[in-house]
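Descriptive structure summary
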Amino acid sequence: MTPRQRLWFFAVAAAGLVACYLWAFTGLPGFGSYPGPYGQEILRVAVQQTNATGVVSAINFEYRGFDTVGEEFILFAAAAGMSVVLRKLREERETEPADEAESRTVPPSSSAVRVAALLMVGPTALLGWWLASHAQASPSGGFQGGVILASAFILIYLAGEFLSFRRLSPDALLNAVEAVGAGGFVAIGLAAIAMNLPYLYNYLPLGTVPGAVSSSGTIALISFFVGIEVAAAFVLIVGELLDQTLLRSA
Amino acid sequence: MGIFPFLVVAWVVVVGLYGIITSRDLIHQIVCLIVVQSSTYVLLLGVGYVTGGAAPYFFDIPLHTKAVDPVVQALALTDVVVEAAVTALLLSFAIQAQKRFGTLDPHELAEFKG
Amino acid sequence: MISAGLMNTLQVTVLVLVAVGATVVVRTRTRVRQVLALSVYGMLLAILFLVFQAPDVTLSELTVGAVVLPIILLLAIAKVRKREQ
């Protein structure tokens, strides 16, 4: 099939798709008038039931915690799958990440970038940790905090210190941290089963003040575990891709 | 404003699909797939919006103010982070395909059999 | 608080910008330029989520679209380019 035929075929199919979309969208109740009972009901009872003022995180880690376990395992599988897919082929040889370009005139990365990146590593790690442990109060949570924590490590690489990046994030430690994060989430749910409660039931004390750090039971704990799992997964992913740029073919 | 956000969603989907179909480079195709995925976030948030509603966080506003739907926000939130990991897996497939077949052109890659 | 009419105009403007941004990302054929266009598109999406009263999703999209996606795309492009030489 030539490209022009393919394009005409796509035009016909796209027209059919858009017609179906328009038919579906005219059946919706219009933008801004959402009638759904589930969301309004959760908004009514969430803060009293869980002492968490961040309703979105309460939904993520308690009301729909089972979905979040699944999503976390997608992340886990993607990071594990990358290590499998990016294995060495027969004719590739791995070289040690040493400085072998003393005679080449490569322009060094500018000192502004290096200093700025190095200065931002500490605050970024702190911000990521803070976000991952405050899921129940404000717009934060395990997923965002984990990504920001991973970007603190990426900043080390951007500052030109690739060898420090590799030394600070060895593969064995990252795999262990990621497994602890994913397993911790599942273990919290299983501990509820051990107490004769439904899976992922919120059994820790709920605290007295809505929105405090120690309130809302298992939500804060689960968010912390999700945070370290997401951070480890992303540092693994970036580390795999960085290793690829060092492999040389024979 | 009744249906306009959903028209934008349909446009983004069609444009992304057009990019995937007429692409000559695997990396370009992967970025167009990211665009198609982003249309679903707009659709989710557009469905759950309530006119005049505030964000569903009650630590500084009184407890029963009208708020937008929090369930679709929870879905979109985990979606965004998981999409990045799946994109990384797709990129590793592209790298490995180039190592084995020497090309990143989907039209040439389609001719290989096994 | 912002009046309803102003919020409406804001939402329509950002939606139009998102549609234009998606078209620009798809039509850019050079690899590195497309990654830059994707970064700008991610920022536009983050503003759209903010205007739709979803700060959590904004935070996610900002961190993913500004840090993680450009890094993995640029690393993959560097690896592919090194092999093409």
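Calculation rules
- Residues numbered from 1 in each chain as written.
- Chains lettered and ligands numbered in written order.
- Predicted model: local features only at pLDDT ≥ 70, side-chain atom pairs only at ≥ 80, totals over all residues.
- Helix = DSSP H or I, 4+ residues; strand = E, 2+ residues; numbered from the N terminus.
- Rg over C-alpha atoms; globule rule 2.2 N^0.38 Å.
- Buried ≥ 20, exposed ≤ 12 C-beta atoms within 10 Å, placed from the backbone.
- Contact = placed C-beta atoms within 7 Å.
- pLDDT = per-residue confidence, 0-100.
- Core = buried A, V, L, I, M, F, W, Y, C linked by C-beta atoms within 7 Å.
- Nonpolar A, V, L, I, M, F, W, Y, C, P; charged D, E, K, R; others polar.

Description of the overall build of chain B
In terms of regular secondary structure, chain B is built from four helices and zero strands. Mapped in sequence order, the helices and strands of chain B form the string α-α-α-α. On C-alpha atoms alone, chain B measures out to a radius of gyration of 19 Å, which is more than a quarter above the 13 Å that the 2.2 N^0.38 rule sets for 114 residues. For chain B, the spread of C-alpha atoms along the three principal axes comes to 60 × 30 × 20 Å. For chain B, with 114 residues in total, the buried portion stands at 51%. For chain B, long-range pairs separated by at least 24 residues make up 51% of all intrachain contacts whose partners lie at least 6 apart in sequence.

Section: helix H3 (residues 55-63) of chain A
Burial within H3(A) is extensive, with nine of its nine residues counted as buried. Residues A:Val55, A:Val56, A:Ser57, A:Ala58, A:Ile59, A:Asn60, A:Phe61, A:Glu62 and A:Tyr63 constitute the buried set of H3(A). Those residues of H3(A) that are buried are in contact with helix H2 (37-50), helix H4 (65-85) and helix H9 (218-244) of chain A, helix H3 (70-101) of chain B together with helix H3 (55-84) of chain C.

Observations regarding the confidence of the model for chain C
Residues and elements named next belong to chain C. For chain C, per-residue confidence averages 90 on the pLDDT scale, and residues scoring 70 or more make up 98% of the total. The secondary-structure element of chain C with the lowest mean pLDDT is H3, recorded at 90, while helix H2 (residues 31-51) shows the highest, at 94. Under the prediction, the complex receives an ipTM of 0.90, its pTM being 0.89.

Re the nonpolar core
Of all hydrophobic cores here, the largest spans 127 residues; its most connected members are A:Ala233, A:Phe234, A:Ile237, B:Leu45, C:Ile72 and C:Ala76. The biggest single contributor to this core is H9(A), with 17 residues. Among residues more than four places away in sequence, those in contact with C:Ile72 are A:Ile237, A:Val238, A:Leu241, B:Thr87, B:Ala88 and B:Leu91.

Description of the interface of chain A and chain B
Chain A puts 47 residues into the contact, and the matching count from chain B is 42 residues. Listed by contribution, the elements that provide at least two residues to the side of chain A that touches chain B are helix H1 (3-25), H2, H3, H4, helix H6 (142-158) and H9 of chain A. Here the element with the most residues in the side of chain A that touches chain B is H4(A); it accounts for nine residues. Of the residues that constitute the side of chain A that touches chain B, the class distribution is 30 nonpolar, 14 polar and three charged.

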